[in-house]
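Architecture and fold: a report
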Amino acid sequence: MSKKIDFIQNRPRRGHIVLFIARNGKVRLGEVFADPNVSQEELFVQDAGGARNRIKFRDVLLNLGASAESFAARHKQIENLAGQIDLGLLLDAHPEWIRSPGITVSDLAQEYFGKTIAPEQEAAMYLSLQNDSRFTLSGEKVSYRPPAPARPRRRSEQERHQLFETLRTTMTEALQKDWGAAEIDAHPLGKKLVRLARATLEQRRLYPEIWRKEFVLHLHSLNTLTGYRDARHLLFHWLKKIGRVAPEADFFIFSEPLLRRHARRLACVQDASMTTSVSNDFIINNERQPQWVVTIDNPETTDRDDALSFCRTATGVEIGVHTPLLEVLVPKETLFDAWAYDVGASAYLPHRKVPMLPPHLSNDLGSLNAGCERPVLSFYFLSQDEQPVRLARVICEKIKIDFNTDYDSIDAWLPQISRNKLPQEEENRREFRGAGNEQVPSGLTEALEVWATIAARLEKQRIANGAKVFQRDEVEVRVGPDGMVHLHRILRNSVAHKMVAEWMIAANQAAAQFCHEHRIPCIYRVQETLVPEREDEEASFSSGPVRAQLKAERAPHRDLGVDGYTQITSPLRRYGDLVMQRQIVAFLQTGKPHYSQTDLWARALAIEEMTRRIQRLESRADLYWKCVYLAQHLGETFTAYLGRSQGQNPRIILQLPDLDLRLHVPPAGIEGLGERNIPPHHAPMAVQVICLEMDADKATMRFQIK
């Protein structure tokens, strides 16, 4: 602010009246009650309310000088003058001032009172401008502030409920009369109805949650009219019919707005030109290079984000778990980092994959592909004879990937022996070498054997600590280019799957231990109680939460049998893993973590919510495409388990173990067996069923009991 006063010639003194800016930014009149402190450039002023203020010289706008009248009388005189000023006259005479960024108050006073103005008139203009909501004072200048638009009147609760009832009635009429886009556009509530339909499909908060739930129930009640048992599919096809959804749109991608936006963004990235490169000076050269570095994934995997290494030392073996060091490719607060934070995780649907990072990063530059040298974050474990495996070191380094393989190949190469024999190392070696391993790459035999043997010891130790062991296979669903659905059974109890799983658990446990020992803020995954024996148990039989919870303090993960656990082994696929990788890498580089506990926790909650939504989307997609598989195999016989749920509205539950599929079938959908002859679902009966009818979109089905 420019100086209004020459403090050498016209310095305020005791008894002078000044106009000043108070600490709250308001303009006030006050009387100087003590001589100014020149060295500190301060004045001591008492305002009309009796409050004493210590102000700086720079906050004095006007010095009105001394007067024979009392301060109170002079203050009242100036306020009366301020009340008589009509600022509307100035705006009418100078409309250009409305768009002006700022006009001095003295210019306004001269325009209103004339060329020669008294200090009292200028002070009155300050007070008048301050009391008018159309103007904003900023020191000696003032700017016009247009009035805020009038807020629309909020509907009463009764009016809102009436609107919702009208929308439900309109939806029923639209479905009955098969309205098209023209009828919807012409209806006065057409736009609101489309917004409600999209909000319900996308689970967005454009309308209250209770509205969306009641709207879904209303659509379910119309299933005899529409043929749809699933309200989401009904809304999607209805929106597509009236032109609000593109004909080529995918139901699962469209129903999740963040994922839909992310897929559009990825489609715009064609190459690596948008990739940000940073210095990798903190990567060290490992003097002891592993003898083998191998990735083990599903055959169709292209984003390889973990690898195992093997190196024999003088005292034992050193095994490494390696993850790609993404800080080199995706630094914090870059474009791709913001995208990954937005979506939270990669989405793996049977018919489509939406990666968290652009394909040129997840499948190429960041993927641990054979023959490539990659920067990695490495966890090295040392095993000596029968002693417990211990974490030896955590480093950032560059390694060359020797080999990419898959679980089926590893299972074919490893010995066909029970898991109980794997800890018996000598016997293990004999059986392994006699298992017909001519396809094993030269020199890899010993590494595979050691990985599997020590993994079995790790599993045995976890079970001794109370870990839960699930003996359950999974059925992977893939959709071919021709639309045909293919099922692939994954044996989670196979040697290869258990071997990789144990080393990933060990790395995640080691990361939690490293953070705890060095006091690095961490996202710990904690499970205080074990999950039920059967995953279809009713919630009422569970003694506590079964899903791992996020916590800022380390605590046991009972289901895994470890004293601390985080996730860090999939930075290409999960943003939470990338965040934890940054924490450890930053500590290794600078001795300080990347995120504070507050920042880390805020990110963790946002990531977890989006990750769970993607997991639910993947489950719905698996269910849908398994139903499509049944539709493509009508007339075939399947082994099934049939039961009936308890409660006021019992449902018939049909489980198809060959498909890892659980269906809720309407009573009319079961032929050949009366509903009363169906046992409770916790003691189901084994049957052979033939699928006679299946519509995955409408969720209509019919089965014949043989």
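Residues numbered from 1 in each chain as written. Predicted model: local features only at pLDDT ≥ 70, side-chain atom pairs only at ≥ 80, totals over all residues. Heavy atoms only, no water.

1. Description of the layout of surface pockets
- When its volume is computed, the second largest pocket comes out at roughly 1500 Å³.
- Taken together, 48 residues line the second largest pocket, and the ones lying closest to its centre are Gln-203, Val-216, Asp-230, Arg-232 and Arg-620.
- Those elements that provide at least two residues to the lining of the second largest pocket are helix H7 (190-202), helix H8 (209-221), helix H10 (231-241), helix H11 (251-254), helix H12 (257-267), helix H13 (335-343), helix H20 (597-631) and strand E23 (661-665).
- A per-element tally of the lining of the second largest pocket places H20 first, with nine residues.
- A breakdown of the residues in the lining of the second largest pocket according to their chemical character gives 23 nonpolar, six polar and 19 charged. (1 Å grid on protein atoms, 1.4 Å probe; cavity = no way out; pocket = protein on both sides within 12 Å on 5 of 7 lines; lining within 4 Å. Points joined across faces, edges and corners; volume = space filled by probe spheres on them. Helix = DSSP H or I, 4+ residues; strand = E, 2+ residues; numbered from the N terminus. Nonpolar A, V, L, I, M, F, W, Y, C, P; charged D, E, K, R; others polar.)

2. What about the pairing of strand E2 (residues 27-37)?
- In this structure, strand E1 (residues 17-21) lies alongside E2, joined through five bridges in antiparallel fashion. Across the sheet, Ile-17 pairs through a bridge with Glu-31, a residue of E2.
- With five bridges connecting them, E2 and strand E3 (residues 42-47) associate as antiparallel partners. For Ala-34, the partnering residue across the bridge sits in E3 and is Phe-44.
- Between E2 and E3, which pair antiparallel one after the other, the connecting turn spans four residues, and Glu-41 there sits at a positive phi close to 55 degrees. (Pairing = 2+ DSSP bridges.)

3. Some details on the packing of aromatic side chains
- Across all of its chains, the model carries 14 aromatic pairs by this definition.
- Ring centres of Phe-381 and Trp-503 lie 5.8 Å apart, and the angle between their planes is 55 degrees; on these two criteria the pair is classed as tilted. Residue Phe-381 is located in strand E14 (residues 373-383), and its partner Trp-503 is located in helix H18 (residues 495-517); the two are separated by 122 residues in the primary sequence. Comparing Phe-381 with Trp-503 shows no difference in burial state: the two are buried. (Phe/Tyr/Trp six-rings, centres within 6.5 Å; stacked < 30°, edge-to-face > 60°. Buried < 20%, exposed > 50% of the residue type's maximum accessible area, 1.4 Å probe, protein only.)

4. Overview of the confidence of the model for the chain
- Counting all residues, the mean pLDDT for the chain is 84, and 88% of those residues have values of 70 or more.
- Confidence over residues 416-438 falls short of pLDDT 50; this stretch has 36 contacts with residues more than four positions distant or in other chains.
- In the model, residues 531-545 has pLDDT below 50 throughout and makes 19 contacts with residues more than four positions away in sequence or in other chains. (pLDDT = per-residue confidence, 0-100. Contact = heavy atoms within 4.5 Å.)

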